[in-house]
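Geometric and topological summary
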Amino acid sequence: MPANTSPIFPLTPNLAWATVTTANTAKDGTGTVATVFTAGANGARVDYLKVRALGTNVATVIRVFVNNGSTNATAANNTLIVDQTIAATTNSETAQLVDNIIQLDLSLPAGYKINVTIGTTVSAGLQVTGVGGDY
């Protein structure tokens, strides 16, 4: 069986982000989503997502979906790959807010996207940053 015997590495850094504040309880990737990564013309590698509270928020869950590059309104275009609890946060001028890292280590075909939703509306918002690179 033929296989790629030479490792490939991302050529161009790919970094994108979005702020999420409003709940979307759909578990199929439909509804209002935030796109935090889009693979380039030759595909991409997504290393991780960094989730950062922007102030005081209630606890919620973040859901991470892979979308095939088509409309997310069609459930068959999305797959839920991970969900993670995000603890409640209190804004402070003397103590740091904790970052949440969601390790993905995922290769995506050209045009595929990483979309996120949260389960509970939060007041200050969560900034979600996708970190990776295009091939």
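Below is a short write-up of the structure. None of the values given here were measured: they were computed from a predicted structure. (Residues numbered from 1 in each chain as written. Predicted model: local features only at pLDDT ≥ 70, side-chain atom pairs only at ≥ 80, totals over all residues. Heavy atoms only, no water.)

1. As for the environment of isoleucine 118
The following threshold applies: Each helix is a run of DSSP H or I of at least 4 residues and each strand a run of E of at least 2, with the numbering of both proceeding from the N terminus. Whether two residues are in contact is decided by their heavy atoms: any pair within 4.5 Å suffices.
For isoleucine 118, the position within the fold is in strand E7 (residues 113–118). Considered as a pair, isoleucine 118 and isoleucine 62 are 56 residues apart in the sequence and their alpha carbons are 4.5 Å apart. If we ignore the near neighbours within four places in the chain, the residues touching isoleucine 118 are Val20, Thr21, Thr22, Ala23, Asn24, Thr60, Val61, Ile62 and Leu126.

2. Observations concerning the sheet that holds strand E4 (residues 60–67)
Applied cut-off: If DSSP finds at least two bridges between two strands, the strands pair. As a rule, the C-alpha atoms of each element are fitted with a line to give its axis, helices using only the stretch in contact, and angles between N-to-C directions run from 0 to 180 degrees.
The antiparallel open sheet is built from four strands, whose spatial order is E2-E7-E4-E5. Of all the strands in the sheet, just strand E2 (34–38) and strand E5 (78–86) have a single pairing partner and so form its edges. In this sheet, neighbouring strand axes are inclined to one another by 25° on average, regardless of whether the strands run parallel or antiparallel. Bridging between E4 and E7 involves six bridges; their strand directions are antiparallel. Across the sheet, residue phenylalanine 65 finds its bridge partner in E7, namely asparagine 115.

3. Re the sheet that holds strand E8 (residues 126–134)
Strand order in this open sheet of four strands is E1-E8-E3-E6, and the pairing throughout is antiparallel. Two strands bound the open sheet, and with one partner strand each, they are strand E1 (12–20) and strand E6 (99–108). Pairs of neighbouring strands in the sheet enclose a mean axial angle of 15°, with direction left out of account. Sheet analysis places strand E3 (residues 44–53) next to E8, joined by nine bridges and oriented antiparallel. Paired with arginine 52 across the bridge in E8 is glutamine 127.

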